[in-house]
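Chain by chain, the residues run as shown.
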Amino acid sequence: MMIQNAMLALLCLASLLCLALANERQGELLLGREPTAALRRAGALAGALLLAAALAWGRLRWGPGIGAVAWAGWFGVLAAVLVFHLHKWPRAGGPGAAVRLVASDPGRVLQRRAARVAGYDLLAALPLAFAAAVYSVPVKPVMRADAVQGQVGPWTYRLAEMDHAPPRLMAMGIPMKAFQLRFCQACDAEIRSAYLKVNKPRSLRGAGLAFSGNRWDRSVEIQLPSAMRPDAELWLTVEGKDGSVHHAAWPMAQLAPSTVAWFARR
């Protein structure tokens, strides 16, 4: 998670620096000379591409919602840091100005230095605070590394157990397990419903429980067999709006190893 945030922050920072080069005033601050017209055009193009790459990276790692928020947060924080920092550069006034200020009012010099240090510390703390906030956001199950992905009929999907805990026991000791499913964005418009159950279904009527929730956050909690075998399979059944029905199966030992281990210990 920290590496992913660092990568997003670096992409945002690189895009901001390139966009600064596209501006005459900010480019002169960075280079010490006025950037040429060709360099400004190249900076604008590179900045736009890096900005799009940063957004794509965030959406790829955390999904369209959290990814866009993380991208906007890093971009805003780093932009504020650069704006405050760059505007300090042309105000140095040369060594003579510093000597005159020390001679006229040394207490004011110390006060300015303390205020500047406090300001820089605050600016440095903003990215860290934002990183801590993003890091604390839980990763969606379908975005974890252990989520399985594949294709059912013409549609691609990602499937994962909600958590790695043992099954939840209901009344009469019935074990239940929750799963999350996500189809590709274009696939959702073609899918009527999706079902999940342990062992191969004999018909659409016995395909198991239907996933519910938003299109990008489908979830379901299914009942597990009281004596589930180690080689049991989890079957996904998807019904398209055109009436077609497709199946995909995964070994429970691969999708939910902690659940299989829990049954083995019973």
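Procedures and definitions
Residues numbered from 1 in each chain as written. Predicted model: local features only at pLDDT ≥ 70, side-chain atom pairs only at ≥ 80, totals over all residues. Heavy atoms only, no water. Buried < 20%, exposed > 50% of the residue type's maximum accessible area, 1.4 Å probe, protein only. Helix = DSSP H or I, 4+ residues; strand = E, 2+ residues; numbered from the N terminus. Pairing = 2+ DSSP bridges. pLDDT = per-residue confidence, 0-100. Contact = heavy atoms within 4.5 Å. Phe/Tyr/Trp six-rings, centres within 6.5 Å; stacked < 30°, edge-to-face > 60°.

1. A few points about the pairing of strand β2 (residues 155-161)
With 5 of 7 residues buried, β2 is to be regarded as a mostly interior element. As consecutive antiparallel partners, strand β1 (residues 148-152) and β2 are separated by 2 residues, and within that stretch G153 has a phi angle of approximately 65°, a positive value. Relative to strand β4 (residues 175-183), β2 runs antiparallel, the two being bridged by 5 bridges. Within β4, the residue paired with A160 across the bridge is Q180.

2. Examining the sheet that holds strand β5 (residues 191-198)
Taken in spatial order, the 4 strands of this open sheet run β6-β5-β8-β9, and their pairing is antiparallel. Each having just a single partner strand, β6 (209-210) and β9 (245-251) make up the two edges of the open sheet. Pairing of β5 with strand β8 (residues 233-240) involves 7 bridges; the strand directions are antiparallel. When the bridges of β8 are listed, L196 appears paired with L236.

3. What to know about the confidence of the model for the protein
Overall, the prediction assigns the protein a mean pLDDT of 79, with 77% of residues at 70 or greater. When mean pLDDT is compared element by element in the protein, β8 scores highest at 94, while helix α4 (residues 94-104) scores lowest at 47. Every residue in residues 90-102 scores below 50 in pLDDT, and together they form 7 contacts with partners more than four places removed in sequence or on other chains.

4. Here's the deal with unusual backbone geometry
A positive phi angle, close to 70°, is found at M172, a residue other than glycine. Positive phi is not limited to glycine here, since N199 has a value of about 80°. Its location among the elements puts N199 in the loop between β5 and β6.

5. Overview of the packing of aromatic side chains
Tallied over the full model, the rule gives 1 aromatic pair. Centroid distance W262 to F263: 4.9 Å. Interplanar angle 85°. Geometry classified as edge-to-face. What makes W262 buried here is its relative accessible area of 15%. Relative accessible area serves as the criterion here: at 9%, F263 is assigned to the buried category.

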